[in-house]
Amino acid sequence: MGDMLESLRDLRVRRAQIDAQEVALLARISAVVGDDRGLAEELTPVLRVSTREVERRIDDAKSLTGRMPQLLAAMRAGDVETYGARRVLAVVDPLDDWAAQQVDELLAERLVEASETAWQPGNLAQRARRLVEKIDPDGQTARARRARAERRVELTPGEHAMSSFEAQLPAEVAAACYTRVDGMARSLRRGGDRRTLDQLRADVTADLLLGRDPGVALPEAAATVSVHVPADAALGISDDGCELDGYGPIPAPIAREIMTNSRSIWRAVLCDPGTGEPVDLGRTRRRPSATIRDLVRIRDRECVMPWCHRPARHCDHDHEHAWAAPGGGGSTSVANGGPRCRRHHRLKDQPGWSARYDPVHGITQVTTPHGATYTARREPVLTPTRTAPTRDAQARDAQARRVRRCDSPTRQAQSRTAPTRDDPKHRNEDNPPF
């Protein structure tokens, strides 16, 4: 057992040292490139973490090398890993450079003879907090006001059809909110409700936010549900392909529970069974119609950048071939549109970046300013039910562009027997198949 514990200690030391190497390298790269936002995008696929995490690592690297060199030295010595260093940086972040360096030096002095438990992240942050109050006692109020001004709410998708809803609030407000929620949950529990206290607190919170009687029934939310329907089975509903907008795949029974909510709205989407993709609803006007926007959102589901998962409903509708391009612009259609979050919409045409998306085939190709190229392909809405002949790909694309409307129940029913391009009955090019 002793040997195994020693091996764990060695691994921790090596991990801290590797973290220190990454910090130093990120700081050097940032100094060379200068544009941290563009750099974060370029490093996202390299480090295989989110862009927000890359930005955070770059900020931490600059702070450690410029403001907290003693803390960085402790990382190199294997005493503290990234998480512990980050806890300290969060405490000193509001300070100016001089004050941060003073805290860094005093913290290093206090840790020379400290026990091993002093290096635990929580204990490090507590020591740093006391030193901040000592170095800059007059700045406590300003730091508190700044933190309160940054209050926010965040939604983080989780696993198993669950998500985390977190609110950053002033301490006394958060305490009052929890006290009220906990009191209501305990009252329901005493009244015979069989749910656990954790379940009751969660359900009461949701009911309060949704404006309902807390705890009376399990919370439910109305939703606009996209029912993905193959063109050759327009009136059939399958257990496959169920997705919750902005989240991703969910089990069919859960999807049905959402769909059966009396306040939910259903929208049928015709899909090509050969590709699994929604059928194009092309338009020529500049501003996309609501139908085009909805179909593009349903088809792509997320920002088209390979490492961005911002839900399409929160993205811009981007013309891949510019509408006002010299020599004739691109059409305002599903075949020329894609969702890009505001950040990546702006990045698309930045110097050195090449970010192109093929809406018809769902292929994104991104080339960074330093020459790295990444290619990604979107997943179809439905799993294709048959393999479409390659020689007919262009013909199908042309056929899709002639479709005028496909969200009518009557047209959906008619589409079940739609002939293919190879069918002898389908000879009149002027007659769309739906």
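**Section: the packing of aromatic side chains**
Stage number 1. Taken as a whole and judged by the stated rule, the model has one aromatic pair.
Stage number 2. Consider the rings of Trp307 and Tyr374, whose centres lie 5.9 Å apart with planes at 85 degrees: the pair is edge-to-face. Taken together, the residues span a long stretch of sequence, with Trp307 in the loop between helix H12 (290-300) and strand S7 (316-319) and Tyr374 in strand S11 (residues 373-377) at a distance of 67 residues.
Stage number 3. Tyr374 gets classed as partly exposed once you look at its relative accessible area, which sits at 22%.

**Describing unusual backbone geometry**
Stage number 1. Notably, His160 is not glycine yet its phi reads approximately 60 degrees, a positive angle.
Stage number 2. With respect to the helices and strands, the residue His160 is situated in the loop between strand S1 (152-157) and strand S2 (163-168).
Stage number 3. Taking the relative accessible area as the measure of exposure, His160 reaches 76% and is therefore exposed.
Stage number 4. A positive phi angle, near 60 degrees, is found at Ala161, a position not held by glycine.
Stage number 5. Residue placement: Ala161 occurs in the loop between S1 and S2.
Stage number 6. In this structure Ala161 comes out as partly exposed when scored by relative accessible area, which is 33%.

**Side note on the side chain of Thr368**
Stage number 1. Tracing the sequence through the fold places Thr368 in the loop between strand S10 (363-367) and S11.
Stage number 2. Excluding residues within four positions of it along the chain, Thr368 makes contact with Glu42, Gly352, Trp353 and Tyr374.

Calculation rules
Sequence positions are assigned chain by chain, starting from 1 and proceeding in written order. Per-residue local features are limited, in this predicted model, to residues with pLDDT of at least 70; the limit for side-chain atom pairs, both in listing and counting, is 80 or more; totals at the level of whole chains, interfaces and linings are taken over all residues. Side-chain measures were taken over the full set of non-hydrogen atoms in the model, leaving aside hydrogen atoms and water. Two aromatic rings, drawn from Phe, Tyr or Trp (for Trp, its six-membered ring), form a pair once their centres lie within 6.5 Å of each other, and the interplanar angle then sorts them: stacked below 30 degrees, edge-to-face above 60, tilted otherwise. The numbering of helices and of strands both runs from the N terminus, where a helix is a DSSP run of H or I of at least 4 residues and a strand a run of E of at least 2. Buried means the residue's accessible area, taken with a 1.4 Å probe over protein chains only, is under 20% of the maximum for its type, while exposed means over 50%, and partly exposed covers the values in between. Should any heavy atoms of two residues lie within 4.5 Å, those residues are counted as being in contact.

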